[in-house]
Amino acid sequence: MNYDNRSVSLGPLELGYRIEGEGPLKVLLLHGLRSHSGTWRRIIPGLSRDTTVVAPSLPSRTGDATSELAELYAEQVSAVCAHAGVSRAVAVGNSMGGWVAMRLLSKHRGLVSRVVLEDTAGSDSADVGTLERSQIPVLIVWGESDGVLPVSSATELHSRLPRSELRVIAGAGHVPHWETPEAFRGVLGEFLGRR
């Protein structure tokens, strides 16, 4: 099922994305490796009641998460934001999407107001240093039973980011927003509600 309702042409690439809501606060949802915007469909309806949600479907790639891929995806996300009329947003990223959120901050500082890292990849990358220096608020969300990236990765990341808060979700694995959507939306809503 294709969950996208808009698209933007980037050279030969047609990149789809989902946009919902008309709230003044813009929220950018960035999926994990080899996934798509539809993985957010359990939280978008509730989230879009008060915000404008933009969820790109980044092109699937084989192989592991890399800095080069984070760079490519960050530029594609920037193009989606420009097409959707989003000039500043809270970047929420799961797994590879978290690394993309950090790289987006590194490359397009004015676009990112806050960052939510959900079971993120790239926790040992140079982009964490950029995030630390930015001094923007960061929410780290982790599934208690993540079998891909253990909770110890979350606590280490939290220790490096002085303005971060860490929330561990019981009963969730690597993708809390899909596995425990109500709990994830509650944690995210608290963070977004702080102005």
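The preceding data block contains the structure.
The text that follows walks through the structure, step by step, so that each part is easy to find. (Residues numbered from 1 in each chain as written. Predicted model: local features only at pLDDT ≥ 70, side-chain atom pairs only at ≥ 80, totals over all residues. Heavy atoms only, no water.)

### With respect to the packing of helix α3 (residues 96–107) against helix α4 (residues 126–134)
Quick reminder of the rule: In this analysis, axes come from line fits to C-alpha atoms, helices being fitted only over the stretch in contact, and the angle between any two N-to-C directions falls in the range 0 to 180 degrees. Only DSSP runs of H or I with at least four residues qualify as helices, and only runs of E with at least two residues qualify as strands; both kinds are numbered from the N terminus onward. Oblique is the label for any angle not covered by the other classes, which are roughly parallel (under 35 degrees), roughly antiparallel (over 145) and roughly perpendicular (65 to 115). For a crossing to be left-handed, the near helix must be turned anticlockwise from the far one by less than a right angle; the clockwise case is right-handed. Every residue pair with non-hydrogen atoms within 4.5 Å of one another is taken to be in contact. Under the convention adopted here, Pro, Cys and the residues Ala, Val, Leu, Ile, Met, Phe, Trp and Tyr are nonpolar, Asp, Glu, Lys and Arg are charged, and Gly plus all remaining residues are polar.
Between α3 and α4, the shortest axis-to-axis distance is 9 Å and the interhelical angle comes to 60°. Relative to α4, the element α3 is oriented oblique. Relative to α4, α3 is oriented so that their crossing is left-handed. Across the interface between the two elements, Trp99, Met102, Arg103, Leu105 and Ser106 from α3 touch Asp127, Val128, Thr130, Leu131 and Ser134 from α4. Grouping the constituent residues of the contact of α3 with α4 by class yields five nonpolar, three polar and two charged.

### A word on the environment of glycine 173
Among the structural elements, glycine 173 can be located in the loop between β8 (164–169) and α6 (176–179). Separated by 29 residues in the primary sequence, glycine 173 and glutamate 144 place their C-alpha atoms 6.3 Å from one another. Residues contacting glycine 173, with those up to four places away along its chain left out, are Asp119, Gly143, Ser145, Asp146 and Glu179.

### Some words on empty space enclosed by the protein
Stated formally: Buriedness for pockets is judged along seven lines, at least five of which must meet protein on both sides within 12 Å for an open set on the 1 Å grid over protein atoms alone, while cavities are sets there where a 1.4 Å probe fits but cannot get out, and lining residues have an atom within 4 Å of a point. Grid points are joined across faces, edges and corners, and a volume is the space filled by probe spheres set on the points.
Counted under the stated rule, the structure contains one cavity of 30 Å³ or more. By volume, the largest cavity is sized at about 40 Å³. Lining the largest cavity are Leu131, Glu132, Gln135, Ile136, Val138, Leu161, Pro162 and Arg163. For the lining of the largest cavity, a count of residues per class yields five nonpolar, one polar and two charged.

### A few points about the pairing of strand β7 (residues 138–143)
Quick note on the threshold: For every residue, the accessible area (1.4 Å probe, protein chains only) is compared with the maximum for its type, and the residue is labelled buried under 20%, exposed over 50%, or partly exposed between those bounds. One requirement defines pairing of two strands: DSSP has to find at least two bridges between them.
The element β7 is extensively covered by neighbouring structure, given that six of its six residues are classed as buried. The pairing of strand β6 (residues 112–118) with β7 spans four bridges and is classified as parallel. When the bridges of β7 are listed, glutamate 118 appears paired with valine 141. As paired strands, β7 and β8 are joined by six bridges and run parallel to one another. Following the sheet pairing, glycine 143 is matched in β8 by isoleucine 169.

### Points about the packing of aromatic side chains
Each aromatic ring pair is characterised by the separation of its centres together with the angle its planes make. Here is the rule we go by: Each Phe, Tyr or Trp ring (for Trp, its six-membered ring) is paired with any other whose centre lies within 6.5 Å, and the angle between the two planes then decides the class: stacked below 30 degrees, edge-to-face above 60, tilted in between. Definition used: whenever NZ (Lys) or CZ (Arg) falls within 6 Å of the ring centre and also within 35 degrees of the ring normal, the charge is taken to sit over that ring.
Per the counting criterion, the structure on display carries one aromatic pair. With a centroid separation of 6.5 Å and an interplanar angle of 45°, the aromatic rings of tryptophan 40 and phenylalanine 184 are classed as tilted. Taken together, the positions of tryptophan 40 in the loop between β3 (25–30) and α1 (44–47) and phenylalanine 184 in helix α7 (residues 181–192) put the pair 144 residues apart, joining distant regions of the chain. Just above the ring of tyrosine 3 sits the side chain of arginine 18; from NZ or CZ to the centre is 4.2 Å. The positively charged end of arginine 114 is found above the aromatic ring belonging to phenylalanine 191, 5.3 Å away from the centroid.

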